[in-house]
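Observations on chain architecture
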Amino acid sequence: MLPTFNSVGDVVLLEFLTWRWKRDVAVGDVVVAHSPLHFNRIVCKRVLGLPGDTVLKDPTVGAETVKVPPGHVWLQGDNMSHSIDSRTYGPLPMGLLKGKVLFKLWPHFEIVK
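Residues numbered from 1 in each chain as written. Predicted model: local features only at pLDDT ≥ 70, side-chain atom pairs only at ≥ 80, totals over all residues. Heavy atoms only, no water.

**What to know about the overall build of the protein**
Selection rule: Only DSSP runs of H or I covering at least 4 residues are called helices, and only runs of E covering at least 2 are called strands; the numbering of each starts at the N terminus. Whether a residue is buried, partly exposed or exposed follows from its accessible area with a 1.4 Å probe, protein chains only, as a fraction of its type maximum: under 20%, in between, or over 50%, in that order. Contacts: residue pairs with any heavy atoms within 4.5 Å of one another.
Scanning the protein for helices and strands turns up 2 helices and 9 strands. When the helices and strands of the protein are read in sequence order from the N terminus, they spell out β-α-β-β-β-β-β-α-β-β-β. Per-residue burial over the protein gives 39% buried out of 113 residues. Residue pairs in contact within the protein that sit at least 24 positions apart in sequence constitute 50% of those at least 6 positions apart.

**A closer look at the nonpolar core**
Let me state the cut-off plainly: In plain words, nonpolar cores are sets of buried Ala, Val, Leu, Ile, Met, Phe, Trp, Tyr and Cys residues tied together by side-chain atoms within 4.5 Å.
Membership of the largest hydrophobic core is limited to 12 residues, which are Val25, Val31, Ala33, Val43, Val47, Val73, Leu75, Tyr89, Leu92, Met94, Leu96 and Leu97. Every element with two or more residues in this core is listed here: β2 (30–34), β3 (42–49) and β6 (72–76). The residues contacting Val73, other than those within four sequence positions of it, are Val25, Gly49, Leu50, Val68, Ser86, Pro91, Leu92, Met94 and Leu97.

**Observations regarding the pattern of salt bridges**
Heads up, the rule is: Basic side-chain nitrogens of Lys or Arg form a salt bridge, by our definition, when they fall within 4 Å of a carboxyl oxygen of Asp or Glu.
Evaluation of the coordinates by the stated rule reveals 3 salt bridges. Arg87 is paired through a salt bridge with Asp85; the nearest N and O atoms lie 2.9 Å apart. When its relative accessible area of 0% is taken as the criterion, Asp85 is described as buried. It is possible to trace a salt-bridge network through shared partners that takes in Asp58, Asp85 and Arg87.

**Overview of the pairing of β2**
Heads up, the rule is: At least two DSSP bridges between two strands are needed for those strands to be called paired.
In terms of residue burial, β2 counts as a mostly covered element, since 5 of its 5 residues are buried. Residues Val30, Val32 and His34 line one face of β2 and the alternating positions Val31 and Ala33 line the opposite face, and both faces are buried. Where β2 lies against β3, 5 bridges are found, and the strand directions are antiparallel. Across the sheet, the residue bridging to Ala33 is Val43, located in β3.

**What about the environment of Gly49?**
In this structure, Gly49 sits in strand β3. Judged by its relative accessible area of 0%, Gly49 falls in the buried class. Beyond its immediate sequence surroundings of up to four residues, Gly49 is in contact with Val27, Val55, Val68, Val73 and Trp74.

**A word on the pairing of β3**
Where β3 lies against β6, 3 bridges are found, and the strand directions are antiparallel. Looking across to β6, one finds that Val47 is bridged to Leu75.

This is the structure we're talking about:
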């Protein structure tokens, strides 16, 4: 998620309590989720598509679009050239989402949006 977050060492405040009931997520939100490739790994990505949205699969390669199916989101890292995200593993089931990042607490306080 460079440049929004450093590769290591950032501390964030994650909102997950109301997340379990409401599943309230919007395009542009930064979320934490289980990786669909390695379930024991946690990833931090930005939501670029919600159920029913049509998104560009990879704007750096061409104009191929993907429609996000019901119960899924399209996630992408801010550092597109080095991110493993929905361009690699496709739409992510919402059940793998853990919550939304509200603030970056360390090294510099910042509201994440």
